[in-house]
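# Chain and residue survey
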Amino acid sequence: MNIEKKDLLQLYYYLKLTRRIEDRVTALYRQGRILGGAWTSNGMEAISVGYACALEKNDVIAPYFRDMGAFLARGITPKRIMAQYLGKKTGVTGGKEGNVHAGDINLGVLGFPSHLADNYPVAVGVALSFKIRGERRVAAACTGEGGTSRGDFHEALNMASVWKVPVVFICNNNQYAYSTPVRIQMAIKDVAERAVAYAIPSEIVDGNDVVAVYSAAKKAYDRARAGDGPTFIECKTMRMHGHSEHDAAKYVPRELLEEWKKKDPIINMERYLISNKVSTEEELVNIDGRIKKEIEEAEEFAEKSPLPEGKEALEGVYASPI
Amino acid sequence: MNIEKKDLLQLYYYLKLTRRIEDRVTALYRQGRILGGAWTSNGMEAISVGYACALEKNDVIAPYFRDMGAFLARGITPKRIMAQYLGKKTGVTGGKEGNVHAGDINLGVLGFPSHLADNYPVAVGVALSFKIRGERRVAAACTGEGGTSRGDFHEALNMASVWKVPVVFICNNNQYAYSTPVRIQMAIKDVAERAVAYAIPSEIVDGNDVVAVYSAAKKAYDRARAGDGPTFIECKTMRMHGHSEHDAAKYVPRELLEEWKKKDPIINMERYLISNKVSTEEELVNIDGRIKKEIEEAEEFAEKSPLPEGKEALEGVYASPI
Amino acid sequence: MAEVTYLEAISQALDEEMTRDSNVFLLGEDIGYYGGAFRVTEGFYEKFGQWRVIDTPLSESGFTGAAVGAALMGMRPVVEMQFADFISCAFDQIVNVAAKNFYRWGGKTPIVIRAPFGDSVHGGAFHSQCPEGFFFNVPGLKMVAPSNPYDAKGLLKASIRDDDPVIYFEHKFLYRRIKGNIPDEDYVVPLGKAKVVREGADISVITYSAMVHVALEAAQVLEAEGISLEVVDLRTLLPLDKNGIYDSVKKTSKAIILYEATRTGGVGAEVAALLSEDMFDHLDGPLIRISAPDTPVPYSPPMEEFYMPRVEDVVKAARRLAAY
Amino acid sequence: MAEVTYLEAISQALDEEMTRDSNVFLLGEDIGYYGGAFRVTEGFYEKFGQWRVIDTPLSESGFTGAAVGAALMGMRPVVEMQFADFISCAFDQIVNVAAKNFYRWGGKTPIVIRAPFGDSVHGGAFHSQCPEGFFFNVPGLKMVAPSNPYDAKGLLKASIRDDDPVIYFEHKFLYRRIKGNIPDEDYVVPLGKAKVVREGADISVITYSAMVHVALEAAQVLEAEGISLEVVDLRTLLPLDKNGIYDSVKKTSKAIILYEATRTGGVGAEVAALLSEDMFDHLDGPLIRISAPDTPVPYSPPMEEFYMPRVEDVVKAARRLAAY
Ligand SMILES: Cc1ncc(C[n+]2csc(CCOP(=O)(O)OP(=O)(O)O)c2C)c(N)n1
Ligand SMILES: Cc1ncc(C[n+]2csc(CCOP(=O)(O)OP(=O)(O)O)c2C)c(N)n1
Ligand SMILES: [Mg+2]
Ligand SMILES: [Mg+2]
């Protein structure tokens, strides 16, 4: 696939933005400034950046909680995201929800329900609406490999294939579901084998190679848009931290982490851009500088934003209150 | 597989018993003597008879509502079954439930919950208990091809394979789920393709050939007992009546029914027994005579049995009432 | 004006809403080519085509989730559960996704879930349940349960036009047994409004769905004895029309709460709780709940009959309260 | 006697029951090698082995169904939901299979489902719910919700030894915050018995789980004002200990019902309904329910605080009732 420079640099930008924003989240969580939990996509950024950047403006995503990159790439700004983490009124959900449990229908981002794989049937319904209305839009849904053990995964893929709707299922296979390794999550080697049961074509890609993810996603979206139905894309990666910030992940063999450290998606991409002469080191440093500034501003914005008032808890239960 | 004469005759006996008892159920339903619904396994008897007869005494089944043959083969007597249909106190559930929504733990028969495929994870749990306790017993669960679209199907097969427990999944693929043909139930050709997603070996058998079902089941049980884990068996058949007695099934092409009429499992088996000189026509007529008598007695028993009293409805909600 | 059955009223509402708004479409098992287990959508497949009357795989959670997704895109899906009993398979999608989307992130989710419920077909524990209690502790959901053709049509239209997820409980017993006149013109019955279906002076019977008819029968029996029942049909179960309930009890000072679901934790408990909180000074006697007992629905006729609330239960309770 | 946390009490109960009865085993996500998201089963994997502390795939419905199957074979499985919020995925297996097996066909189903519930970790709508209301209209189930280490251990043992399906709601807020002395010897706290945890004369506060501590705090505040609260800890939610509740209200004639779940249709409604039916002649004032409002659990601290029932809510309600 021939990808233009501006698109490649955009991929790089979102990779780096994701990394830096999540690093700040982690720091703020450790300072006790973010309450609840903090889950990041550290080392896995290429997946959500890749699948989201390959979409068109009118497409829709049903992300899961490691998809910060997709939130950003869809246009949810760092300001709104930082404010969301701090529970501020200016956050994506006005403080109703924390971290990436958020959505913005105008940007084609559905809110992530914690219950893993619940977003898969929802994405099928999104795609179904496109099919019914004859729109050339696609839906992309992502979940972890653990989430693929849930019944809703099965029901979603089955419906999608029978109805041949324009949905692409992405799976972040980071080898663990919390502490549970793939080996006791499923008896197959590749999650992609699951797609066989629905006659859905699948592809396995290096989840640490953003260009690979982007290209595979783009191809699948094209198929979907052409009316050829769903695709399943398994992105192989590794969760480099604990499940969340409060998990030391002692259950992960250190060698595994060492091995994957070498495959960092950002370093990968920098190497790619420079060795292919798409970009210069200087250019990348400039991008990074821009990102740092953006995040500083976002953080400042978030800090200065007001908290909601307690009684706002009562608002917005119904779209048409009685 | 070499099957002894007595076992072959037993298969024949249960096939015929199932057919005759369900014919009576249908007649009584039409007379308004059986309330609610009446679902039969007409033309599909070979499946439940086959998989149940291949089991050992201590094994356990999690049947579904077309498994009259399995109920009978496990030793639930025609008397108790007829009384069950008539809502009598002497029925399998004492009137608490109707038709084959029944179970008898002492005979290794779990009660069927209407919610299709709910019995699949339950059967995995049964098999898990055998594994934990080191018992050489197996569990067999059956559902229709429609039921395999449910999430519980997926979760069950996945767990069974990861845990390698002694369970055998049987699927009655009778080409329709109520009015829904397989073509809009799933995008694959054979239900057995679903097993690939779990690395579970599968077999497709002629569901109208009781010897084939019996042999495939026996082989799968042997595997399970040897500690080699689950098997999935798809039995191809055809639902020869409506979904239930009140469905005329106009949505089924008549030619399909004509075609499958020629493959009636009972006629199949009679032909097999006689052409292989296992049995004589006379012997089979005698068996049938015995069955007729048994059913007459069962019906009489059921008719004469008392109905429960209304207030018995309050009993048995809890095993340990507080 | 035309006389229609309760079932025809439902069918008409679907037909008219689908004709009015191309965003309305249907999903469920056997609703298309076959016309539905209860034949509510007979002829729809021919009229609206396979993509507006979708025969789904056997996947309640899946197709409810799909309805949610379509609703988020501006469609107005109406899901049919073949029997309300199977709604439990879609429980998670309903309570955690559909009901919370709007609050959590502003995702409008206008889905309607039609759930044929209640005892009538001698179906035993799995074809007779009244599952409204499962969903009664779920903010963000709405629930309605009409008792007659007029409300059946008007509430279904209102539910389809509403921007929130609504579970529409249609009673199987009423399908072909209850007839009524309905206007020829388009109308809705607004969500959230109870209705006094019989005025009375002595005791309020607060009830819904099929039990409304039991209450009305009891009222007739009691009239002869000089006890005057007022019958309040809740129509919408969630959120409850508090004022509608209170207005009646202010008048009568006594209340019976009648429902077909099992006793503990159902809609009846909430009505009692509301009255005991807000109407304490108006109450001249204990509240009496009449419901099914706390058991699964039994199959055998004598037990099934025993299980169901009866006219005589209401009559007895009313006599007791009248004498209080 | 030894002082333990609420969490340690739960852990001890599991350990002792597994040691006592080889049929007891555990299933859940990350409970084995890792020791559980809240570390309740830390060290169990090493002690009991992988087939008694089973790390399951991410399949709540599946592993709950598997527990049902094992229970039918005479095992005594204890299932852990990682958060109670995820119990909704297993709803169908719980209400239709586990809860109805015994009634429908005599299948004894002694499973325990441990559900860490309640607000405490600033987890927002999906890590804070009190889902007991979902299951409160389900005959055949039992539900318990201990408020302290003694009950936590005793009720868990009783639940494991019980022959029916039990949902065991353990409150995340109490895990490490509440300590108490428990006997060294084996003991159980029988299911179905409420407990007066503070004697009082004027007003009964009927409550359970973490809210017991809110009630006790309020009682202390009010003591200074001469208002004497009696605090009744329900302990078992299903079936409710009616007599335990009634005995207290007979004494005080007034009642506040305090619960963390959302208001409509929860346990509180049923307690109010029972009192308004059976204790009408004893009541000298309206019943007052104090609960979370009817909204999902909000994340941002000011809203979360607003959402949670507070000591001052109880104090105010008690003053109002005392003056009644
Ligand atoms: C239905 C459900 N059960 C349990 C959880 C709790 N939980 C949150 S993340 C997680 C592990 C997820 O693993 P995976 O799907 O592989 O995603 P990853 O975290 O590895 O990206 C679990 C068990 C949940 N969110 N949803
Ligand atoms: C979860 C669930 N949804 C819906 C139903 C209603 N229903 C009963 S049988 C049936 C069709 C079943 O088809 P299949 O699984 O192929 O079994 P068959 O009747 O063909 O033997 C349906 C939809 C049900 N029993 N369970
Ligand atoms: Mg993972
Ligand atoms: Mg079928």
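Predicted model only: the values in this text are computed from it and were never measured. (Residues numbered from 1 in each chain as written. Chains lettered and ligands numbered in written order. Predicted model: local features only at pLDDT ≥ 70, side-chain atom pairs only at ≥ 80, totals over all residues. Heavy atoms only, no water.)

### Re the overall build of chain C
- Across its full length, chain C holds 11 helices and 14 strands.
- Computed over its C-alpha atoms, the radius of gyration of chain C comes to 19 Å, within 12% of the 20 Å expected for a compact globule of 324 residues.
- Counting the 324 residues in chain C, one finds 75% classified as buried.
- Across chain C, the fraction of contacts at a sequence separation of at least 24, relative to all contacts at a separation of at least 6, is 83%.
- Of the accessible surface of chain C, which amounts to about 8,600 Å², a share of 49% is contributed by carbon and sulfur atoms.
- Side-chain charges of chain C comprise 31 positive and 45 negative groups, with the mean position of each set lying 2 Å from the other. (Helix = DSSP H or I, 4+ residues; strand = E, 2+ residues; numbered from the N terminus. Rg over C-alpha atoms; globule rule 2.2 N^0.38 Å. Buried < 20%, exposed > 50% of the residue type's maximum accessible area, 1.4 Å probe, protein only. Contact = heavy atoms within 4.5 Å. Areas by Shrake-Rupley, 256 points an atom, 1.4 Å probe, with all protein chains shown as cover. Lys, Arg positive; Asp, Glu negative; His and termini not counted. Charge placed at Lys NZ, Arg CZ, Asp CG, Glu CD.)

### Re the coordination of the magnesium ion (ligand 4)
Residue and element names in this part refer to chain B.
- The coordination sphere of the magnesium ion (ligand 4), as far as protein atoms go, consists of Glu 145 (OE), Glu 145 (OE), Asn 174 (OD1) and Tyr 176 (O), spread over 2.0 to 2.8 Å.
- Given six donor atoms and angles of 51 to 175 degrees at the metal, the environment of the magnesium ion (ligand 4) is assigned as irregular.
- Sequence spacing of the donor residues for the magnesium ion (ligand 4), all on one chain, is E-x28-N-x1-Y. Note that Glu 145 is positioned in the loop between strand E2 (139-144) and helix H6 (151-163) and Asn 174 in the loop between strand E3 (167-173) and strand E4 (176-177), a separation of 29 residues in sequence.
- On the basis of relative accessibility, which here comes to 1%, the residue Glu 145 falls in the buried class. (Donors = N, O, S within 2.8 Å, 3.2 Å for Na, K, Ca; no water. Tetrahedral: all angles 85-135°; square planar, octahedral: opposite > 155°, others 65-115°.)

### A word on the relation of the copies chain C and chain D
- Of the two same-sequence chains, chain C is brought onto chain D (RMSD 0.0 Å, axial shift 0.0 Å) by a rotation of 180 degrees. Taken together, these values place the two copies in the relation of a two-fold axis.
- A high fraction, 100%, of the interface residues of chain C reappear at the interface in chain D, so the copies pair face to face through one surface. (Least-squares fit on C-alpha atoms with pLDDT ≥ 70 in both.)

### Thoughts on the interface of chain D and chain A
- With 33 residues of chain D at the interface, the matching set in chain A holds 38 residues.
- Summed over both partners, the interface of chain D with chain A comes to about 2,800 Å²; 67% of that surface belongs to carbon and sulfur atoms.
- Looking only at chain D, the three residues that lose the most surface to chain A are D:Leu58, D:Tyr299 and D:Met303, adding up to 26% of its buried area.
- The interface formed by chain D and chain A contains zero salt bridges.
- At the surface where chain D touches chain A, the tally comes to 12 residue pairs in polar contact (both at pLDDT 80 or more).
- Grouping the amino acids of the side of chain D that touches chain A by side-chain chemistry returns 19 nonpolar, nine polar and five charged. (Buried area = accessible area lost by both parts, 1.4 Å probe. Salt bridge = Lys/Arg side-chain N within 4 Å of Asp/Glu carboxyl O. Polar contact = N/O pair within 3.5 Å; in protein donor to acceptor, adjacent residues only side chain to side chain. Nonpolar A, V, L, I, M, F, W, Y, C, P; charged D, E, K, R; others polar.)

### Structural notes on the coordination of the magnesium ion (ligand 3)
Residue and element names in this part refer to chain A.
- The protein atoms that coordinate the magnesium ion (ligand 3) are Glu 145 (OE), Asn 174 (OD1) and Tyr 176 (O), at distances spanning 2.0 to 2.1 Å.
- Each donor residue of the magnesium ion (ligand 3) belongs to the same chain, with the gaps between them written as E-x28-N-x1-Y.
- Tyr 176 gets classed as buried once you look at its relative accessible area, which sits at 10%.

### Details of the pairing of strand E2 (residues 24-28) of chain D
All names here are of chain D.
- Most of E2 sits inside the fold, with five of its five residues counted as buried.
- With burial as the criterion, each face of E2 is covered, one bearing Val 24, Leu 26 and Gly 28 and the other bearing Phe 25 and Leu 27.
- Judged from the five bridges that link them, E2 and strand E4 (residues 76-80) form a sheet pairing that is parallel. Of the residues in E4, the one forming a bridge with Val 24 is Arg 76.
- Pairing of E2 with strand E3 (residues 53-55), which is carried by three bridges, proceeds in the parallel orientation. By the bridge assignment, Leu 26 is partnered in E3 with Val 53. (Pairing = 2+ DSSP bridges.)

### Some points on the site of ligand 1
- Surrounding ligand 1, one finds 22 residues, the nearest of these being A:Tyr64, A:Arg66, A:Asn174, A:Tyr176 and D:Glu60.
- The local environment of ligand 1 is shared, drawing residues from chains A and D.
- One of the backbone nitrogen or oxygen atoms of A:Ser114 is found 2.9 Å away from a nitrogen atom of ligand 1.
- One of the side-chain N or O atoms of A:Asn174 is found 2.8 Å from an oxygen atom in ligand 1. (Near = heavy atom within 4 Å.)

### Thoughts on helix H11 (residues 311-322) of chain C
- Across its 12 residues, H11(C) extends 16 Å between first and last C-alpha, which sits within 8% of the 16 Å expected from 1.5 Å per residue.
- For H11(C), the complete set of buried residues consists of C:Val311, C:Val314, C:Val315, C:Ala317, C:Ala318 and C:Leu321. (Expected span 1.5 Å × (residues − 1).)

### Describing the packing of aromatic side chains
- Applying the stated criterion across every chain, the model contains 47 aromatic pairs over all chains.
- Here C:Phe134 and C:Phe135 contribute two aromatic rings whose centre-to-centre distance is 6.3 Å and whose plane-to-plane angle is 55 degrees, an arrangement assigned as tilted.
- For C:Phe134, a relative accessible area of 4% puts it in the buried group.
- When its relative accessible area of 0% is taken as the criterion, C:Phe135 is described as buried.
- Ring pairing ties together the aromatic residues C:Phe91, C:Phe134, C:Phe135, D:Phe91, D:Phe134 and D:Phe135, which thus form one cluster.
- Across the ring face of C:Phe306, the terminal group of C:Arg310 is positioned such that the distance to the ring centre comes to 5.8 Å. (Phe/Tyr/Trp six-rings, centres within 6.5 Å; stacked < 30°, edge-to-face > 60°. Lys NZ or Arg CZ within 6 Å of the ring centre and 35° of its normal.)

### Some points on the sheet that holds strand E9 (residues 195-198) of chain D
Residue and element names in this part refer to chain D.
- With mixed pairing, five strands are arranged side by side in an open sheet as E9-E11-E10-E13-E14. Two strands bound the open sheet, and with one partner strand each, they are E9 and strand E14 (288-292). If you compare each strand with its neighbour and ignore which way they point, the axes differ by 25 degrees on average.
- Inspection of the sheet shows strand E10 (residues 203-207) paired to strand E11 (residues 229-233) by five bridges, in the parallel sense. What sits directly across from Val 205, in E11, is Val 231.
- Across the sheet, helix H8 (residues 242-252) touches E10, E11 and strand E13 (255-262), and the angle it forms with E10 is around 160 degrees. (Axes fitted to C-alpha atoms, helices over the stretch in contact; angles between N-to-C directions.)

### Some remarks on the layout of surface pockets
- Size it by volume and the second largest pocket reaches roughly 830 Å³.
- Lining the second largest pocket are 48 residues, with B:Trp39, B:His243, C:Gln82, C:Phe83 and C:His127 sitting closest to its centre.
- Elements that contribute at least two residues to the lining of the second largest pocket include exactly E2 and E4 of chain B.
- For the lining of the second largest pocket, the residue count by class is 18 nonpolar, 23 polar and seven charged. (1 Å grid on protein atoms, 1.4 Å probe; cavity = no way out; pocket = protein on both sides within 12 Å on 5 of 7 lines; lining within 4 Å. Points joined across faces, edges and corners; volume = space filled by probe spheres on them.)

### Describing the sheet that holds E2(B)
All names here are of chain B.
- Spatially, the five strands line up as an open sheet ordered E1-E2-E3-E7-E6, and their pairing is parallel. The sheet is open, and its two borders are formed by strand E1 (60-62) and strand E6 (202-206), each paired with just one other strand. Ignoring which end each strand starts from, the neighbouring axes of this sheet average 20 degrees apart.
- Bridging between E2 and E3 involves six bridges; their strand directions are parallel. By the bridge assignment for E3, Gly 144 is matched with Asn 172.
- Here H6 sits on the sheet and contacts E3 and strand E7 (231-236); the angle it forms with E3, its principal contact strand, is near 145 degrees.

### Some points on the site of ligand 2
- The environment of ligand 2 is formed by 22 residues, the closest being B:Tyr64, B:Arg66, B:Asn174, B:Tyr176 and C:Glu60.
- Nearby residues around ligand 2 are contributed by chains B and C.
- In this structure, B:Tyr64 approaches ligand 2 through a side-chain N or O atom, which is 2.5 Å from an oxygen atom.
- Here ligand 2, which alone exposes 580 Å², has 97% of that area covered by the protein.
- When atom positions are compared with the pocket grids, ligand 2 is found to occupy the second largest pocket.
- Residue classes in the shell around ligand 2 are distributed as nine nonpolar, eight polar and five charged. (Sits in = over half its atoms within 2 Å of the grid points.)

### Observations concerning the side chain of D:Asp233
All names here are of chain D.
- By the secondary structure assignment, Asp 233 is in strand E11.
- Within the buried core, Asp 233 has no salt-bridge partner, and the shortest N-O distance to an opposite charge, that of Arg 235, equals 5.6 Å.
- A polar contact of 3.1 Å, which involves the side chain of Asp 233, links it to the backbone nitrogen of Arg 235.
- Aside from chain neighbours lying at most four places away, what touches Asp 233 is Ser 147, Asn 148, Asp 151, Ala 194, Lys 195, Val 197, Thr 207, Tyr 208, Ser 209 and Val 212.

### Points about the pattern of salt bridges
- Overall, the coordinates contain 108 salt bridges over all chains when judged by the stated rule.
- Among the salt bridges present, the one from B:Glu45 reaches B:Arg19, with a minimum N-O distance of 2.5 Å. Here the residue B:Glu45 occupies a position in helix H2 (residues 45-53), and B:Arg19 occupies one in helix H1 (residues 5-30), the gap between them amounting to 26 residues.
- Since its relative accessible area comes to 14%, B:Arg19 is described here as buried.
- For the salt bridge of D:Arg39 with D:Glu42, the shortest nitrogen-to-oxygen distance reads 2.9 Å.
- According to the relative accessible area criterion, D:Glu42 is partly exposed, its value standing at 48%.
- Connected through salt bridges with shared partners, the residues C:Glu16, C:Glu17, C:Arg20, C:Lys153, C:Lys157, C:Arg161 and C:Asp186 form a single ionic network.

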